Amino acid sequence: MTTPPLSTSLSTDALAAALHDAANTQVARQGQRTAPAPTTTGGTPRMGSSANTRAGELRDMSVLNKILRGITGRSAELAESNYNLLRQRLQAGFSHIMAGYGVADMVKDVKLENNLSTQEKQDSAAVARLADLSARPMPANVKRGEFGVAPLDIMPYVDPKTKKFAATILEMNGSGYGNITTMEAGMLDKTMKAMGDVAHVLESEPNALFVVACSGREDPPAFGQSKKIHEKLMIANAIDTAIRQHHLEGQLAEAMTENGGASPGAPSGGARIIGLDSFDADALERNDKGEVVIENSVAKEKPGRDKDGIANLNKILAEQGDWNNPKEPAIVVGYTAQLAKAIQIGDDGAPYLNGRKVNVINNDRLILNINSLNEAQGKKLDTDQFIASNASYLPAASKGHAYAFANQYNKQPEVAAEFPQFSRPIVNEQAHSVQEIHTKVLDLLKEGKRAIIKPHGTGHGDGIRAFDMPELADPAKILAEIEESLAQVKGTYGDRGGLPYTISEYLTAARIDQPGHPLHTMKYELRIPVLADVTDPEQRLLKATHGAIIKIDGGSKLREGENGDFSKSFASVSAQVLATGLSADNFMKPLSDPETLKLLRLTEDDIAPLLKWATGYVAHTLENIDQAETILDKK
């Protein structure tokens, strides 16, 4: 669609005022953060006149106008909302990130998730206090940039013996998770700084390539863009900020040399920013009503066509001038589904994007998906050849591995003694075929334990199914449900997700117990991010925070006569957003908000030990990450 003329874009006084304010703010921030460059002889330049200042303001206005034009599609009102949100989230990096090739198109006509109201309700003082209590040193084997954040999904339940608050881990998750902007502001800043720490790779690879991936474009039949893509732009901004700092340090070092910086010296700018979305809607077959044809949960493509548009993606990259002979670092922000197909594994085990080596991948599931797509060729990524951010990508994307590390950690006598309410053994069986899943589900039911199955390498809660004791009477129905689960996963993820499945014991989740409250009887989960605090690079820490959210399962409210002991519904915020079209804040609340704790009948005395357990668990996983490939064999 053709971008409307600027007069259309600036049809409201509010937008014009926002643009003018943006320019002035941008100028002020640039003035605050960048000292005048030395002259070629090492001297100090004269300060600019008011005329020069005004010229700079006009240049900035021109850049901001171009950005606004670029993100304006069908709705000027939506463009204004996105513009203001992006300015707030990207701050001083707004102009540089948004002016990057293809970036504006990634947010055009996308209703970005705001999350500001959730974030603002977090109790910053309580968050900082409890995070500090949970702190422990970063494991020594984890190098800089190899860990940013692992947001744990925790299922609370009432211990049947003690009748007290207890919890078990559902998923580890990783750096690619959505709704990171719900995190309390101080913790979010620390997390972004930690993810930017990968910029140290410039010490050995000055023109490094960083890839930041986002889920999306993988949900038939809509294949929609992500409403959280701006969160990945924030990660790109964090990396770019660290790159600029690295370049500034290089300039200062050059200025201190004998020739006073007269030589070409270190580069002065940040990274080249590239936004990629090569999805080709025209490649999909449609019926006479214009609907995408879905067969066996898979969207049909026209003969010889590719909905992910990988050929076009590579063409775009090849047109980036010095792509194969780079003179500067680059940050690519794109979609996991497309990047997993586009990135090739070289003979050296390194990832390559259109022939250029990828030095950093920020998205746990992308790393796993690349390996899955190359498994048939006998190829696998060698993590000595690039930085996996996070190093814990396998347990982050594989529930079976996450559970294996949790069981290993919880078996330690000191852990079991200190955290009995969190150290219940997790049933953790792996199955590599539909028949094996079926057999293991039936075996678990025969043992008197309800079963839940979870596929490998997926998101949104896709493919998760649960089975209650009475279902044992109809094995054929169980088999049909398992087959339907795998078909759904294959239709969404192709060869990037699915088998092996993890089979676990189904536990009865806690429900909100507040008669008269609209959320009464609904199931919920806790999100507990464990993050790296690299404020002091010499004393890196792991901290857990309750400055995150509870995820509410809006479809789990009990009807008359139901007791809530068993449910086939699961609380994935992203799945509910996709299903209903409602914004994410309809299905989550800020966990650290005293009102939320009161709603859940929890106190800081309940939360503080959980945070300590969480940092211990992630520390244990990182310390033993070299066992990730074999830990399932050690049961």
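Because the structure is predicted, anything quoted here is derived from the model rather than measured. (Residues numbered from 1 in each chain as written. Predicted model: local features only at pLDDT ≥ 70, side-chain atom pairs only at ≥ 80, totals over all residues. Heavy atoms only, no water.)

Asker: Would you explain unusual backbone geometry in this entry?
Answerer: In terms of backbone geometry, most residues other than glycine have negative phi values and most peptide bonds are trans. Leu 499 connects to Pro 500 through a cis peptide bond whose omega is -5°. Note on placement: Pro 500 falls in strand β17 (residues 498-505). Even without glycine at this site, Asp 109 takes up a positive phi of about 65°. In this fold, Asp 109 is placed in the loop between α6 (103-107) and α7 (116-120). (Helix = DSSP H or I, 4+ residues; strand = E, 2+ residues; numbered from the N terminus.)

Asker: I keep staring at the pattern of salt bridges and nothing clicks. Help me out?
Answerer: Any two side chains of opposite charge can pair, on the condition that their charged atoms come close. With the rule as written, the count across this model stands at 36 salt bridges. Note that Lys 341 and Asp 306 form a salt bridge whose closest N and O atoms lie 3.0 Å from each other. Highlighted residues: Lys 341 in helix α12 (residues 336-342) and Asp 306 in the loop between β7 (298-299) and α11 (310-318), separated in sequence by 35 residues. By relative accessible area, Lys 341 is classed as partly exposed at 31%. A salt bridge links Arg 424 to Glu 505, with the nearest nitrogen and oxygen atoms 3.3 Å apart. In this pair, Arg 424 sits in the loop between α16 (413-418) and β14 (429-431) while Glu 505 sits in strand β17, placing the two residues 81 residues apart along the sequence. Its relative accessible area of 22% is what places Glu 505 among the partly exposed residues. One network of salt bridges, in which partners are shared, links Asp 132, Lys 190, Asp 533 and Lys 543. (Salt bridge = Lys/Arg side-chain N within 4 Å of Asp/Glu carboxyl O. Buried < 20%, exposed > 50% of the residue type's maximum accessible area, 1.4 Å probe, protein only.)

Asker: Looking at this structure, how should I read the sheet that holds strand β5 (residues 272-275)?
Answerer: Strands in a sheet are paired, the pairing made by backbone hydrogen bonds, and the direction either parallel or antiparallel. Taking strand neighbours across the sheet as the criterion, the five strands line up as β5-β8-β4-β12-β13 in an open arrangement whose pairing is parallel. One side of each edge strand has no neighbouring strand; the edge strands of this open sheet are β5 and β13 (387-388). Two strands pair when backbone bridges link them, and strand β4 (residues 209-214) and strand β8 (residues 330-335) are joined in this way by six bridges, in the parallel orientation. When the sheet's bridge partners are listed, Ala 213 is paired in β8 with Gly 334. (Pairing = 2+ DSSP bridges.)

Asker: Explanation requested: the pairing of strand β19 (residues 541-544) in the structure shown.
Answerer: A regular strand carries its side chains on alternate faces of the sheet. Direction of pairing for strand β1 (residues 136-137) relative to β19: antiparallel, over a ladder of two bridges. Looking at β19, one finds that Arg 136 is bridged to Leu 542. Pairing of strand β18 (residues 524-533) with β19, which is carried by four bridges, proceeds in the antiparallel orientation. Paired with Asp 533 across the bridge in β19 is Leu 541.

Asker: For this particular structure, what's the right way to read the packing of aromatic side chains?
Answerer: Aromatic ring pairs are defined here through the distance separating the ring centres and the angle between the ring planes. According to the stated counting rule, one finds eight aromatic pairs in the structure shown. Aromatic side chains Tyr 83 and Phe 94 sit 5.3 Å apart centroid to centroid with 80° between the ring planes, which places their arrangement in the edge-to-face category. Of this pair, Tyr 83 sits in helix α4 (residues 76-90) while Phe 94 sits in helix α5 (residues 94-98), and the two are 11 residues apart along the sequence. The burial state of Tyr 83 is the same as that of Phe 94; both residues are buried. Ring-pair connections join several aromatic residues into one group, and the members of that group are Phe 165, Phe 419 and Phe 422. (Phe/Tyr/Trp six-rings, centres within 6.5 Å; stacked < 30°, edge-to-face > 60°.)

Asker: Looking at this structure, I do not really get the sheet that holds strand β9 (residues 343-345). What am I missing?
Answerer: The antiparallel open sheet is built from three strands, whose spatial order is β9-β10-β11. Edge strands, defined here as strands with exactly one partner in the open sheet, are β9 and β11 (356-357). Two elements, β9 and strand β10 (residues 351-353), share three bridges in a ladder whose sense is antiparallel. Paired with Ile 345 across the strands is Pro 351, a residue of β10.

Asker: For this particular structure, what's the right way to read the nonpolar core?
Answerer: The tendency in soluble globular proteins is for nonpolar side chains to be buried as a group. Counting residues in each nonpolar core, the largest one holds 85 residues, and the members touching the most others are Leu 152, Leu 353, Leu 526, Trp 613 and Tyr 617. A total of nine residues in this core trace back to one element, the largest contributor, which is helix α21 (residues 604-623). If sequence neighbours within four positions are ignored, Trp 613 has contacts with Leu 152, Ile 154, Ile 169, Tyr 409, Asn 410, Val 415, Phe 419 and Phe 422. Ranked by size, the runner-up nonpolar core spans 53 residues in total, among them Ile 67, Ala 104, Tyr 177 and Met 192. (Core = buried A, V, L, I, M, F, W, Y, C linked by side-chain atoms within 4.5 Å. Contact = heavy atoms within 4.5 Å.)

Asker: Before we go on, may I ask you to explain the confidence of the model for the chain in this structure?
Answerer: Where the model shows low pLDDT, its predicted coordinates should not be examined in detail. The share of residues in the chain with pLDDT of 70 or more is 87%, and the mean pLDDT across the chain is 88. Of the regions scoring below 50 in pLDDT, residues 1-15 engages in 27 contacts with residues more than four places distant in sequence or in other chains. For residues 22-47, every residue scores under 50 in pLDDT, and the model assigns this stretch 24 contacts once sequence neighbours within four places are set aside. (pLDDT = per-residue confidence, 0-100.)

Asker: Hey, could you run me through the environment of Ala 140 in this one?
Answerer: Looking at the element boundaries, Ala 140 is found in the loop between β1 and β2 (149-158). With relative accessibility at 82%, the residue Ala 140 sits in the exposed group. Each C-alpha atom of the pair Ala 140 and Arg 540 lies 9.5 Å from the other, and the pair is 400 residues apart in sequence.

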